[in-house]
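If you want the building blocks of each chain, they are given just below.
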Amino acid sequence: MYEQKYWDFIKDNIEKVNKEQTENIKKAASLMADAIESDKLINVYGGGGHTTLCMGEMFFRAGGLANINPLMETGLSVFNQALKYLEFERTVNYGAAIIKYYNLQKDDLLIIFHNIGINPATIDAAQEAKKRGVKIIAVSSSIWQNEMSKDHFIRHPNKKNLFDYADICIDDYNPVGDAVINIEGFDTSIAPVSNIVDFYIAHLLEIFTVEECVKRGIVPPCWTSANTPLGDEKNKELLDKYTKRVKML
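The model shown is predicted, which means the values in this text are computed figures rather than measured ones.

1. Considerations on unusual backbone geometry
Point 1. One non-glycine residue, Asp39, adopts positive backbone phi at about 55 degrees.
Point 2. With respect to the element layout, Asp39 can be found in the loop between α1 (2-37) and β1 (42-46).
Point 3. For Asp39, a relative accessible area of 36% gives the class partly exposed.
Point 4. For Leu230, which is not glycine, the phi dihedral falls at a positive 70 degrees.

Spelled out as structure tokens, the structure:
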């Protein structure tokens, strides 16, 4: 019974993304294709906690784009101690420092993932990028942003939402609390959905970007799985091109 409820929620959420967000995802993919055509990196940032996994899902991934530049900050990630990263994602100016370190410039492209979209590490990163003239694609939840009160303690002091800064907004419709299953006799919701839906959106961005590149007559830089026969050989040219440009390679 519960597996069906969980499946139904995920399916309904993804179907809503397909129905209502495909146009925005394709617009974002067009900007990503522009970056590829101009031989620029596609920068990706997660505003704290499990949203940093979206960077990992897009970076050095079989079938993924080789020009992905993850703005990785271990302090914000799930590979830091949990209570520490929770404090860091609520710390003002932390996100701005990361944008400054990676030195994003005017007309660079930045994808920001944060399904809540209101915490300081997300807002400061978006604000700093906006000041620098960076183009921003935001993947987040309008539900969280609209339903969380302006005086909620996790909000950035300026009370703004991630979508306030984005050139293109992609709504993942993540529900407040994230977890969607309630077991009879147990009072805490379990089984989050944001990771599944956001990974789906990340891969749609890749699909539509490659499709747009092919339409333009551009060969998109894509990784072959390094674990397949000749994988390393196929990736060598891309590694030669991007190792000095992508800090995490």
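2. A few points about the nonpolar core
Taken as a class, soluble globular proteins show a tendency for nonpolar side chains to be buried jointly.
Point 1. The biggest cluster of nonpolar side chains holds 43 residues, and the ones touching the most others in it are Met32, Ile42, Ile111 and Ile170.
Point 2. Considering each element in turn, this core owes the most residues, ten residues, to α1.
Point 3. Excluding residues that lie within four positions of it along the chain, Ile111 makes contacts with Met32, Ile42, Asn43, Val44, Tyr45, Met58, Ile137, Val139 and Leu205.
Point 4. By size, the runner-up hydrophobic cluster in this structure holds 22 residues, among which are Tyr45, Tyr102, Ile123 and Leu162.

3. Observations concerning the sheet that holds strand β4 (residues 135-140)
Each strand in a sheet pairs with its neighbour through backbone hydrogen bonds, running either in the same direction (parallel) or in the opposite one (antiparallel).
Point 1. The strand order β2-β1-β3-β4-β5 describes an open sheet built from five strands, whose pairing is parallel. Strand pairing shows two members of the sheet lacking a second neighbour, β2 (68-70) and β5 (168-171), which therefore form its edges. In this sheet, adjacent strand axes meet at a mean angle of 20 degrees when their direction is disregarded.
Point 2. Where β1 meets β2, three bridges bridge the pair, whose relative direction is parallel. Within β2, the residue paired with Val44 across the bridge is Pro70.

4. Section: the environment of Leu238
Point 1. Mapped onto the elements, Leu238 comes out in helix α8 (residues 231-242).
Point 2. Residue contacts for Leu238: discarding those within four places in its chain leaves Ala66, Pro221, Cys222 and Trp223.

5. Describing the side chain of Asn174
Point 1. Of note, Asn174 is situated in the loop between β5 and β6 (179-181).
Point 2. Owing to a relative accessible area of 1%, Asn174 belongs among the buried residues under this scheme.
Point 3. Side-chain polar atoms of Asn174 contact the side chain of Trp144, separated by 2.8 Å.

Cut-offs used in this document
- Residues numbered from 1 in each chain as written.
- Predicted model: local features only at pLDDT ≥ 70, side-chain atom pairs only at ≥ 80, totals over all residues.
- Heavy atoms only, no water.
- Helix = DSSP H or I, 4+ residues; strand = E, 2+ residues; numbered from the N terminus.
- Buried < 20%, exposed > 50% of the residue type's maximum accessible area, 1.4 Å probe, protein only.
- Core = buried A, V, L, I, M, F, W, Y, C linked by side-chain atoms within 4.5 Å.
- Contact = heavy atoms within 4.5 Å.
- Pairing = 2+ DSSP bridges.
- Axes fitted to C-alpha atoms, helices over the stretch in contact; angles between N-to-C directions.
- Polar contact = N/O pair within 3.5 Å; in protein donor to acceptor, adjacent residues only side chain to side chain.

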